[in-house]
Amino acid sequence: HFSVIDHGGDGFSFYEVEETEDLRFRLWESKAHLGQQSVTTVVTTAAKQLRGSASEYLARASKEFQLSDDPRVTKLAGTIVRLWSSRDGRSAVGISVGTEADTIPLRAFKGIETQLNLSDFAQREGLVIQIESLAAFCEEVRAWIIKGIE
């Protein structure tokens, strides 16, 4: 059972790669960059969090995904922890960062490779989203979540 307030991975995606029929997955972690640290530090901290907790996040998600109507998702769900632990090419991570900053370091996502031992570029995804006001955005998201709970 999951809740919107549970700790864990912030997103999960299943996808196909054109060259193969194998279904793959990506575990996402999202962070806010509030200016006290560099975007690179925020990404590296998120990667460290995934290094320590991704297997737990995946184990919790696996049970839910095994209930999918898609037999490919059901089959993959039973193996995601093993695939992640062995750094199989069908496992991947993504880290997204919301920021008000005007500039982003050139190698902001280097922490994904160094912290998670993922040498295959296809297993790493990074996304920076510039948001005019993170505080206002967070308030709007909270309002939508509360509206959905009520």
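Residue indices follow the written sequence of each chain, beginning from 1 at its first position. The predicted nature of this model means local features are confined to residues of pLDDT at least 70 and side-chain atom pairs, given and counted, to a pLDDT of 80 or more, with totals for whole chains, interfaces and linings taken over all residues. Think of the side-chain values as coming from all heavy atoms in the structure, minus any hydrogens and water.

### Some words on the nonpolar core
As a reminder, the rule being used: In this text, buried Ala, Val, Leu, Ile, Met, Phe, Trp, Tyr and Cys residues form a nonpolar core when linked through side-chain atoms within 4.5 Å. For each residue, the accessible area found with a 1.4 Å probe, counting protein chains only, is set against the maximum for its type, and the residue is called buried under 20%, exposed over 50%, and partly exposed in between. Secondary structure elements are defined from DSSP: runs of H or I of at least 4 residues count as helices, runs of E of at least 2 residues count as strands, and each element is numbered from the N terminus. In what follows, a contact means two residues having at least one pair of non-hydrogen atoms within 4.5 Å.
By size, the foremost hydrophobic cluster in this structure holds 24 residues, and its most contacted members are F25, L50, W84, V93, I95 and L116. Counting residues per element, the ones that place at least two in this core are β2 (23-33), α1 (39-65), α2 (71-77), α3 (80-85), β3 (91-99) and α4 (110-116). Looking at this core element by element, the count peaks at 9 residues for α1. Contacts of F25, omitting those with residues within four sequence positions, involve F12, S13, F14, Y15, L58, L76, I80, L83, W84, R90, S91 and A92.

### Re the pairing of strand β4 (residues 124-130)
Condition: When DSSP locates at least two bridges between a pair of strands, those strands are taken to pair. Assignment of crossover handedness uses the view with strands pointing away from the viewer, where a clockwise path from the first strand over the helix to the second indicates a right-handed crossover.
Pairing of β3 with β4, which is carried by 7 bridges, proceeds in the parallel orientation. Within the sheet, the bridge partner assigned to S96 lies in β4 and is L127. Between β3 and its parallel partner β4, the chain crosses via α4, and the hand of that crossover is right-handed.

### Here we look at α1
For the record, the criterion: Take the number of residues in a helix, subtract one, and multiply by 1.5 Å to get its expected span. Bend at a residue means the angle formed by two fitted axes: the first through the 7 residues ending at that position, the second through the 7 residues beginning there.
Spanning 27 residues, α1 covers only 32 Å between terminal C-alpha atoms, well under the ideal 39 Å at 1.5 Å per step. For α1, the principal kink sits at S53 and spans about 65 degrees.

### A word on the confidence of the model for the protein
Our working rule: As a per-residue measure, pLDDT tells how confident the predictor is, with possible values from 0 to 100.
Put simply, the protein has an average pLDDT of 87, and 94% of its residues get 70 or more. No element of the protein has a lower mean pLDDT than helix α5 (residues 134-149), at 86, and none a higher one than α3, at 94.

### Some details on the packing of aromatic side chains
Cut-off, in case you're wondering: Only centres within 6.5 Å qualify two rings of Phe, Tyr or Trp (six-membered ring in Trp) as a pair; their planes then separate them into stacked at under 30 degrees, edge-to-face at over 60, and tilted for everything else. Placement of a positive charge over a ring is assigned whenever Lys NZ or Arg CZ falls within 6 Å of the ring centre and within 35 degrees of the normal to the ring plane.
Counting across every chain of the model gives 4 aromatic pairs. Taking the ring centre of W84 as reference, the NZ or CZ of R87 above it sits at 4.2 Å.

### Here's the deal with unusual backbone geometry
Although it is not a glycine, R87 sits at a positive phi angle of roughly 55 degrees. For R87, the position within the fold is in the loop between α3 and β3. With a phi close to 55 degrees, N117 is a non-glycine residue in the positive phi region. Inspection of the secondary structure puts N117 in the loop between α4 and β4. The class of N117 is exposed, set by a relative accessible area of 62%.

### Some points on the pattern of salt bridges
Basically, it comes down to this: In what follows, salt bridge is the name for a side-chain nitrogen of Lys or Arg lying within 4 Å of a carboxyl oxygen of Asp or Glu.
Across all of its chains, the model carries 6 salt bridges by this definition. Of the charged contacts in the structure, one is a salt bridge between R124 and E113, with a shortest N-O distance of 3.9 Å. One end of the pair, R124, is in strand β4; the other, E113, is in helix α4, with 11 residues separating them in the sequence. A single salt-bridge network, built from bridges that share partners, covers E16, D70 and R72.

### Here's the deal with a nonpolar patch on the surface
Inclusion rule: What goes into a patch is any residue over 30% in relative accessible area without a salt bridge, connected to like charges within 9 Å or, for nonpolar side chains (Val, Leu, Ile, Met, Phe, Trp, Tyr), within 5 Å. Under the convention used here, a 1.4 Å probe and the Shrake-Rupley method define accessible areas, while residue burial counts only the protein chains that appear.
Nonpolar side chains collect at one region of the surface, where F137, V141, I145 and I149 lie side by side and expose about 340 Å² of accessible area between them. Relative to the helices and strands, V141 resides in helix α5. Given a relative accessible area of 32%, V141 falls into the partly exposed group.

### Brief notes about the environment of L58
Within the fold, L58 resides in helix α1. Considered as a pair, L58 and R82 are 24 residues apart in the sequence and their alpha carbons are 9.6 Å apart.

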